[in-house]
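Architecture and fold: a report
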Amino acid sequence: MIKKYIVFDRDGTIINYKPYLHNPKDVKLMPGIKELLNNFLLHSNKLFLHTNQSGISRGFFSKKDVINCNTKMINLLGFDNNIFERICIASELNISKHSYRKPSPLFGNEIIKKFKIEKTDLFYIGDNLSDLETASKIGCQAFGVENPKLNQDISNNQYGFKTFKNLMELNKFLYG
């Protein structure tokens, strides 16, 4: 039986943050991510990926570049190529009613509807306040992974979600 549906941010959560990442050679995994994902999979959770990639709309790189970086990330993880049930690449610059750009709740609400789940069974994990704000707008749970270089205020978030210094702390909290 499926226990939880977990939506991961990509940059700064699964892989090292690099502004406007578009070259697969620059993809590097965050410490502890393999162990965390392995525990989620061992406990029959369903995983999703939700990544803001405004560099597409800005003309810095193509959607194919993002897909190539995602493929490299999945290969580095060493799990099945279908580790993520769905991947949402939000290429928009601005948030609108029809935008997937976080903090838009659109992608999370689609997961709830498609998989016929309760909001309490959906979790967002990310390193940016927009990840936590997305979860808040959906009405689901979230865990923040602090990243002082990217977002200093995630540990003081107004949403009340638990934050962790790194993925190893999150893994320890969830699985002992």
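Look up a bit, the structure's there.
What comes next is a walk through the structure. (Residues numbered from 1 in each chain as written. Predicted model: local features only at pLDDT ≥ 70, side-chain atom pairs only at ≥ 80, totals over all residues. Heavy atoms only, no water.)

**Quick word on the environment of Ser-96**
Within the secondary structure, Ser-96 sits in the loop between β3 (84-90) and α3 (106-115). Residue Ser-96 is classed as partly exposed on the basis of its relative accessible area of 42%. (Helix = DSSP H or I, 4+ residues; strand = E, 2+ residues; numbered from the N terminus. Buried < 20%, exposed > 50% of the residue type's maximum accessible area, 1.4 Å probe, protein only.)

**Quick look at the sheet that holds strand β4 (residues 122-126)**
The six strands are arranged β3-β2-β1-β4-β5-β6 in an open sheet whose pairing can be described as parallel. Single-partner strands in this sheet number two, and they are β3 and β6 (162-164). Each neighbouring strand pair of the sheet contributes to a mean axis angle of 20°, computed without reference to strand direction. The strands that helix α2 (residues 63-77) touches are β2 (46-52) and β3; relative to β3, the one it contacts most, it runs at about 145°. (Pairing = 2+ DSSP bridges. Axes fitted to C-alpha atoms, helices over the stretch in contact; angles between N-to-C directions. Contact = heavy atoms within 4.5 Å.)

**Some remarks on the side chain of Asn-171**
By the secondary structure assignment, Asn-171 is in helix α5 (residues 167-175). When its relative accessible area of 14% is taken as the criterion, Asn-171 is described as buried. Only 2.8 Å separates the side chain of Asn-171 from the side chain of Asn-39, close enough to count as a polar contact. Apart from the residues within four sequence positions on either side, Asn-171 is in contact with Glu-35, Leu-36, Asn-39 and Gly-176. (Polar contact = N/O pair within 3.5 Å; in protein donor to acceptor, adjacent residues only side chain to side chain.)

**Re the pattern of salt bridges**
As enumerated under the stated definition, the model contains nine salt bridges in all. Between Lys-102 and Asp-9 there is a salt bridge whose closest N-O contact spans 2.8 Å. Placement of the pair is Lys-102 in the loop between β3 and α3 and Asp-9 in the loop between β1 (5-8) and α1 (33-42), with a sequence separation of 93 residues. As far as the burial class goes, Lys-102 and Asp-9 line up, both buried. Across the salt bridge formed by Lys-46 and Glu-85, the nearest N and O atoms sit 3.5 Å from each other. Of this pair, Lys-46 sits in strand β2 while Glu-85 sits in strand β3, and the two are 39 residues apart along the sequence. Taking the relative accessible area as the measure of exposure, Lys-46 reaches 24% and is therefore partly exposed. Three or more residues joined by partner-sharing salt bridges are found here, namely Asp-9, Lys-102 and Asp-131. (Salt bridge = Lys/Arg side-chain N within 4 Å of Asp/Glu carboxyl O.)

**A short note on the pairing of β4**
A regular strand places its side chains so that they alternate between the two faces of the sheet. The buried count for β4 comes to five of five residues, which makes it a mostly enclosed element. The two faces of β4 match: Leu-122, Tyr-124 and Gly-126 on one face and Phe-123 and Ile-125 on the other face are all buried. Relative to β4, β1 runs parallel, the two being bridged by four bridges. Its bridge partner being in β4, Phe-8 is matched across the sheet by Ile-125. In this structure, β4 lies alongside strand β5 (residues 141-145), joined through four bridges in parallel fashion. Bridge pairing in β5 places Phe-123 opposite Gln-141. With helix α4 (residues 129-138) bridging β4 and its parallel neighbour β5, the resulting β-α-β unit is right-handed. (Right-handed = clockwise from strand over helix to strand, strands pointing away.)

**Observations regarding the nonpolar core**
Among the nonpolar cores identified, the biggest contains 26 residues, and Phe-8, Ile-14, Leu-47, Met-73, Phe-84 and Ile-125 are the most heavily contacted of them. Elements that contribute at least two residues to this core include exactly β1, α1, β2, α2, β4, β5 and α5. Beyond its immediate stretch of four places on either side in the chain, Phe-8 contacts Thr-13, Ile-14, Ile-33, Leu-36, Leu-37, Phe-40, Leu-47, Phe-48, Leu-49, His-50 and Ile-125. Membership of the second largest hydrophobic core comes to 18 residues, among which are Cys-88, Ile-111, Leu-122 and Leu-129. (Core = buried A, V, L, I, M, F, W, Y, C linked by side-chain atoms within 4.5 Å.)

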